[in-house]
Every structure is written in C-alpha cells, then in structure tokens.
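Okay, here's what each chain looks like letter by letter:
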Number of protein chains: 2
Amino acid sequence: MFDAVFAERFEALLRWRRDVRHFDARAVAEEDMRALLACAALAPSVGNAQPWRFVRLRSPGIREALVAHVDGQNALAAARYAGSDQHAHYLSLKLHGLREAPELLAVFCDERAEAGHGLGLATMPEMLRYSCATAVHTLWLAARVNGIGLGWVSILDPQALGALLDVPAHWSLIALLCLGYPSEHADSPELERRGWQAREPLADRIFER
Amino acid sequence: MFDAVFAERFEALLRWRRDVRHFDARAVAEEDMRALLACAALAPSVGNAQPWRFVRLRSPGIREALVAHVDGQNALAAARYAGSDQHAHYLSLKLHGLREAPELLAVFCDERAEAGHGLGLATMPEMLRYSCATAVHTLWLAARVNGIGLGWVSILDPQALGALLDVPAHWSLIALLCLGYPSEHADSPELERRGWQAREPLADRIFER
C-alpha cells in the first residue's frame, strides 16, 4: 500500500521534524488548524479511549499569563545549573516561542475518559497519557508535512496550567504546544546544533533477552 | 519540502495504522527490524535525552513467561466486567498476539538518562516517558509503511515485566510490542469493528480559552 518512494519520504519527514522555537509572524489558516487536529485524532489510543482534549488558547490575557509562568519556571530551572559550566549555556538557549507563535494549543488527558470502558488500563492507567503523547506526535508530523512547525513546552507546572485554563481537575496536562511557520528548517535538533546534546549511538540503546 | 501527494499518502498512513493482534507466521527480516529501530530513534525527546531503551525478546522461555503473565493479568482485567453486559464481550476480544508474533520488543524509559542534562524535566519528569511513547509511535508508523503490523500490549504489571527481563530498577516499562506481518489490513480500529468502542466526534474534544 505504501511504496519505496513514500517510505523514503516518510523517513525524510522523521529526519526533518523539529522542536521549533523560532516562528515567522505568518498566521496558520483556520482550515489548516482544523486539519491538523483531525489528523491528531487518528492517533492510537488504549481501548480506543481517545482521551485527548485539545484546548486552543486564543485570549491575549492567557498568552501573557503563560509567558510569565513559563519564564518564571525557566528561571527556576536555570538555577539548577548554577555553579556549573552549563549555567550560561542553558541561559543562552531559546526554549519556547510562546510570545511569537501564532497558535497555542494545550493538550490534556481526561483521566476519567468513558470511551474505551477501561480496556487496557487495569494495570497501566498511564496508557491514557501515553495515548495523548502519540496524539501530540501525530499532530507534530502532520504539521511538518504541511510546512508548519511545532514546539512542545514542558517548562511549566502542569497543575498551575490546569488552574489557569480552568479545566476539570481530572484532566492532566500533557503538552503546551506552539504552532506556526518556522523561520528556518533543519534536519538536526536545535539542542544538537547549539552544543547542548548530540544524538547518541543507537547501538547503546538496544538490548536482548 | 513535502508535496500534496505525500500529504495525502501520509494521511492514509494515519488512517491505516492499526493495533494488530493477528499475525502471519512470516518472519520479519533482521535488516527491517534494524531499520525500524533506527526510525524510532528519530523520535522527539525532551532535552534530546533519547531515554528509550529497546529490549528485543528472543528467548522462547521469556515468550512463554510473558504469555502466562499477560493471560493471567487479562483474566483479572476481565473480572472487572463481571456482572455487566461487557463481560462476555470483553472475553470474546483477542487483545494480544504474543504467541504468534515473530518479533517481541519491550520499550523502557531510563528515568536517569544522562543525555539532555535534565533540560525540560524540572517540573515534568514524565516528559521522559512521553518521549518514549513518541518513539513507540514512530516505530509503529514506520512499521506500517513497510507493511509490518504492531500491537501495543498493556495488560501486564510493568514492575513484574522489569523483573522478568532483569533490567535496571530505574527503567520504567512503557510498552510491550508484538511485531509481524498482519493477517489483514483495515482502516478502522479492531475495537470499533468488534463493537467495543467507536470513534467519537472530534468536536467534543476541542475547547477554547
């Protein structure tokens, strides 16, 4: 069903997907956002529970509060490197595009999702959250196919974000996402290009039993 | 970089990816397994931590122990539906292909991954596990591109599996995967075709703030 040409392009897609923190001002068309969300909903989910809840963030006040919160958390995170060579390096990294990205999206997991009737959750309730992570990844790849960049921001207090966005207490924050057209494309991670962390040998991560 | 033809095929890939529990006996070529693992390692990861640890399960004794463990856990899971209409329905579902799948793979998350130097983990250490979930999803899509099916089994005790496979205590089990050529292809989930859980409207999962 999928030929060698597609396989080669699919691998290129994996190689050119990036965590994007530098965005152009150009808006993402509403129909493109809708199409990306529809793709995300094709992700796998345990028991077909579809536990993802997508919250589009459109209020300027919420954006401002998010920027303040993440910048504050980032200052705390930076302090963990104080006294080491990594401190100045960390401070030099741009880790989010919350100010510029034309679209912001929070993805939550409904821990009480009724769909799926609990199948596959008896011993691994975290499968609901992993399902949401695959939905984020599906959206990410679909965005890249369409030339749209995505950045996944995790320098935040998930509970504070839930409170700020006034979502039900049984929704867990999985991701805060920035979306927009990237100001550059690359086939290597920005953290690698900036000398923070290179790719490591795959052989070190494969074991046998 | 990716044209409309590719975009259309990529969406078809999302639509035709399935959780597979019915496998042909045909082996997966070793070079194909290697290529799938190489694709999985292109997944995004927090801080570029690459926390995934892939354990290929090749011992017949381990397979036997896994089958016994999962069948036991499945009996316990089924008991949760006792007394409801769903009990017989649940028992009629085939939820794993551990006996037949030519390849078994356990994916763990190294909670102490040194790569990435903790970036992005201060408030969301679970990002390491979400990174591993995206690696599983990457492997899943790459398998489907190559006509290979994957089933993600979660009816198991993650700690018991870690002990059985004798991995470090700080590795968390993310997924037990069955891989092989599927005996059929479908563009709808098996749990939907078997009447357990249909797709739900996307509009019910999108919110604004």
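Worth saying up front: this structure is predicted, and the values here are computed from it rather than measured.

So, the interface of chain B and chain A
Across the boundary between the two partners, chain B contributes 74 residues, which contact 74 residues of chain A. For the side of chain B that touches chain A, the element with the highest residue contribution is helix H1 (residues 4–16) of chain B, accounting for nine residues. Considered class by class, the residues forming the side of chain B that touches chain A number 42 nonpolar, 17 polar and 15 charged. Pairing of strand E5 (residues 206–208) of chain A with strand E1 (residues 52–57) of chain B, which is carried by three bridges, proceeds in the parallel orientation. Looking across to E1 of chain B, one finds that Ile206 of chain A is bridged to Phe54 of chain B.

Things to note about the sheet that holds strand E5 (residues 206–208) of chain B
Strand pairing in a sheet is mediated by backbone hydrogen bonds. Such pairs are either parallel or antiparallel. One open sheet holds the five strands; their spatial order is E3(A)-E4(A)-E2(A)-E1(A)-E5(B), and the pairing between them is mixed. With one partner strand each, in any of the chains shown, strand E3 (149–153) of chain A together with E5 of chain B form the two edges of the open sheet. With strand direction ignored, the average angle separating the axes of adjacent strands in the sheet is 30°. Sheet contacts for helix H5 (residues 127–145) of chain A: strand E1 (52–57), strand E2 (103–110), E3 and strand E4 (171–180) of chain A; angle to E4 of chain A, the most-contacted strand, approximately 5°.

Notes on the sheet that holds E1 of chain B
Taken in spatial order, the five strands line up as E5(A)-E1(B)-E2(B)-E4(B)-E3(B) in an open sheet, and their pairing is mixed. Lying at the two open borders of the sheet, with one neighbouring strand each, are E5 of chain A together with strand E3 (149–153) of chain B. Mean inter-strand twist for the sheet, computed between neighbouring axes without regard to direction, equals 30°. Relative to strand E2 (residues 103–110) of chain B, E1 of chain B runs antiparallel, the two sharing six bridges. Bridge pairing links Leu57 of chain B to Leu104 of chain B in E2 of chain B.

Remarks on the nonpolar core
Generally speaking, soluble globular proteins have nonpolar side chains that are buried together. Ranked by size, the top nonpolar core spans 130 residues in total, and within it Val107 and Val136 of chain A together with Val107 and Val136 of chain B carry the most contacts. Beyond its immediate chain neighbours, meaning those up to four positions away, Val107 of chain B contacts Trp52, Phe54, Cys132, Ala135, Val136, Ile174, Ala175 and Leu177 of chain B.

Let's talk about the relation of the copies chain B and chain A
The operation relating chain B to chain A is a screw motion whose rotation component is 180°, with 0.0 Å of axial translation and a residual RMSD of 0.0 Å. What we have between these two chains is a two-fold relation. Of the interface residues in chain B, 100% have counterparts in chain A that sit at the interface too, so the contact is made through matching surfaces.

Observations regarding the packing of helix H2 (residues 30–40) of chain A against H5 of chain A
Residues and elements named next belong to chain A. Where H2 contacts H5, the axes come no closer than 8 Å and their chain directions differ by 135°. In this view, H2 runs oblique relative to H5, as classed from their interaxial angle. In this structure, H2 meets H5 at a crossing whose hand is right-handed. Between H2, through Leu36, Cys39 and Ala40, and H5, the contact on the second element is made entirely by Ala135, Thr138, Leu139, Ala142 and Ala143. The residue makeup of the contact of H2 with H5, split by class, is seven nonpolar, one polar and no charged.

Focus on the confidence of the model for chain A
Summary statistics for chain A give a mean pLDDT of 97 and a share of 100% for residues scoring 70 or more. Model confidence for the complex is summarised by a pTM of 0.98, with the ipTM given as 0.98.

A closer look at the environment of Ala40 of chain B
Residues and elements named next belong to chain B. Among the structural elements, Ala40 can be located in helix H2 (residues 30–40). Separated by 94 residues in the primary sequence, Ala40 and Thr134 have C-alpha atoms spaced 8.3 Å apart. If sequence neighbours within four positions are ignored, Ala40 has contacts with Trp52, Ala135, Thr138 and Leu139.

Looking at helix H5 (residues 127–145) of chain B
Residues and elements named next belong to chain B. For H5, which comprises 19 residues, the first-to-last C-alpha distance of 27 Å matches the rise-based estimate of 27 Å (1.5 Å per residue) to within 8%. Of all 19 residues that make up H5, 19 are buried, and the element is covered over most of its length. A positive backbone phi angle near 80° is found at Gly147, which sits one or two residues after H5.

Reading the values: rules and limits
Residues numbered from 1 in each chain as written. Chains lettered and ligands numbered in written order. Predicted model: local features only at pLDDT ≥ 70, side-chain atom pairs only at ≥ 80, totals over all residues. Contact = placed C-beta atoms within 7 Å. Helix = DSSP H or I, 4+ residues; strand = E, 2+ residues; numbered from the N terminus. Nonpolar A, V, L, I, M, F, W, Y, C, P; charged D, E, K, R; others polar. Pairing = 2+ DSSP bridges. Axes fitted to C-alpha atoms, helices over the stretch in contact; angles between N-to-C directions. Core = buried A, V, L, I, M, F, W, Y, C linked by C-beta atoms within 7 Å. Buried ≥ 20, exposed ≤ 12 C-beta atoms within 10 Å, placed from the backbone. Least-squares fit on C-alpha atoms with pLDDT ≥ 70 in both. Parallel < 35°, antiparallel > 145°, perpendicular 65-115°, else oblique. Left-handed = near helix turned anticlockwise from the far one by under 90°. pLDDT = per-residue confidence, 0-100. Expected span 1.5 Å × (residues − 1).

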